[in-house]
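Structural overview for review
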Amino acid sequence: MSIAERRLPTAKSGGDGGERIMSYHETQDSRLVVITGGPGSGKTALVDALHLAGFRAVPEAGRAIVTDQRAIGGRLLPWNDPALFDELVLAMGMRAHEDACAIGGTAFFDHAIPCTVGFIRARAEPVPAHFHAAVARFRYHPTVFVAPPWRAIYRRDEARWESFEQAQGIHAAIVEAYREVGYRCVELPRADVATRVRVVLDRLGGDDERQRGDGLTRGEPSRPHPPSGSRCDRPNAVTNENTMKAGQDDRRSATSG
C-alpha cells in the first residue's frame, strides 16, 4: 500500500473524565493537518515531501508574501511593518482554510492561523482580539506536528532573517499558542525528511488496517463549499473558553508592560 493510499483512524474519546478528544472524522476541519515550528526547522521540506507523496499541501503564507514583495520591490515585509504583515498573513490563512474546506479531503498546512499569535507574542506584543477570534473560528486537526529548533540545519535566507536564538523563541511561542487552545503538539524527531514523513503518517494512521476512514489522497471527491455564514470547523466549549482566557491574558500583558 502506498503512503498516499493509507487511511486515517477514528480517534477514541478518553475515558478518564478529561477533555474530550474530537473524532478524527467528526468534522471536516479534522482533515486539515498542521506542520509547524520555528523558522528553519525543516517543516517546509516535510510538507513538500508529503505533497510529492500525493497529499494536498498549503504553503506558508508569510514566506510567500516576502518572496512576492521582494520580487516587486514592495515594502510589506515583517521587518518594515510587522503588524500589517501579520494582518495579511491572517487574511491569507483564513482564505486557505476556507479553500481547503471547499475542496474537501486531507491537506497539510505549512503553518496555520495560531502560528501568527505565536509570532506576535515572540515580539513581546499583545495579540489583537480578532486574532483570537480567528483561532477559535478556524480549527484544524487536534494533533499538530512541531518541528523543533535544529541548529545543524538552520540557515538564514531572504525570507528567514531571524537568528537561531530568535527562532528558538518563536518556536516556544508557537507551541504555547496551540496548546493553550486545546491542540496536542507532537514533536517531530531531528531526522531526515523520509523519517519525519513516516512519523506523521504513522501517528495519523495508527492501526488504519482495522478502522474505517476517508482516503488520504489528492483525488478524493470534492465537497461543496460550506453555506454562507457557516464554518466547516466546530470549536468545542473547552476551546472557546481557552481562547477567551488567552485574549484576557494578552490584554493584561498589554496594560502591565
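About the criteria used
Residues numbered from 1 in each chain as written. Predicted model: local features only at pLDDT ≥ 70, side-chain atom pairs only at ≥ 80, totals over all residues. Heavy atoms only, no water. Axes fitted to C-alpha atoms, helices over the stretch in contact; angles between N-to-C directions. Helix = DSSP H or I, 4+ residues; strand = E, 2+ residues; numbered from the N terminus. Parallel < 35°, antiparallel > 145°, perpendicular 65-115°, else oblique. Left-handed = near helix turned anticlockwise from the far one by under 90°. Contact = heavy atoms within 4.5 Å. Core = buried A, V, L, I, M, F, W, Y, C linked by side-chain atoms within 4.5 Å. Buried < 20%, exposed > 50% of the residue type's maximum accessible area, 1.4 Å probe, protein only. 1 Å grid on protein atoms, 1.4 Å probe; cavity = no way out; pocket = protein on both sides within 12 Å on 5 of 7 lines; lining within 4 Å. Points joined across faces, edges and corners; volume = space filled by probe spheres on them.

Attention now moves to the packing of helix H4 (residues 113-122) against helix H5 (residues 129-137). Running from amino to carboxyl end, H4 crosses H5 at an angle of 150 degrees, the nearest separation of the two axes being 8 Å. On the basis of their axis angle, the class for H4 and H5 is roughly antiparallel. Taken as a pair, H4 and H5 cross one another with a handedness that is left-handed. Residues Ile113, Pro114, Thr116, Val117, Ile120 and Arg121 of H4 pack against Phe131, His132, Ala134 and Val135 of H5.

Counting residues in hydrophobic clusters, the biggest one holds 30 residues, and the most contacted among them are Leu32, Val34, Phe109, Ile113, Tyr140 and Tyr178. Looking at this core element by element, the count peaks at 5 residues for helix H6 (residues 164-179). Beyond its immediate stretch of four places on either side in the chain, Ile113 contacts Leu90, Gly93, Met94, Ala134, Val135, Phe138 and Tyr140. Counting residues in hydrophobic clusters, the runner-up holds 16 residues, among them Val33, Phe55, Val186 and Leu188.

Below, the discussion takes up unusual backbone geometry. Notably, His111 is not glycine yet its phi reads approximately 70 degrees, a positive angle. If you trace the backbone, His111 turns up in the loop between strand E3 (107-110) and H4. Residue His111 is classed as buried on the basis of its relative accessible area of 10%. Non-glycine residue Ala124 carries a positive phi angle of around 60 degrees. The topology assignment puts Ala124 in the loop between H4 and H5. Residue classification places Ala124 among the exposed positions, given a relative accessible area of 69%.

This part takes up empty space enclosed by the protein. Empty space left among the atoms is revealed by rolling a probe the size of a water molecule over them. In this structure the tally under the stated criterion is 3 cavities of 30 Å³ or more. Of the voids in this model, the second largest cavity is the one considered here, and its volume is about 40 Å³. Looking at the second largest cavity, the residues that line it are Gly38, Pro39, Gly40, Ser41, Pro149, Trp150, Tyr154, Phe164, Ala167, Gln168 and His171.

Looking at where Pro78 falls in the secondary structure, it is placed in the loop between helix H2 (61-72) and helix H3 (82-103). Separated by 12 residues in the primary sequence, Pro78 and Val66 place their C-alpha atoms 8.0 Å from one another. Dropping the residues within four chain positions of it, Pro78 is found in contact with Val66, Phe85 and Trp161.

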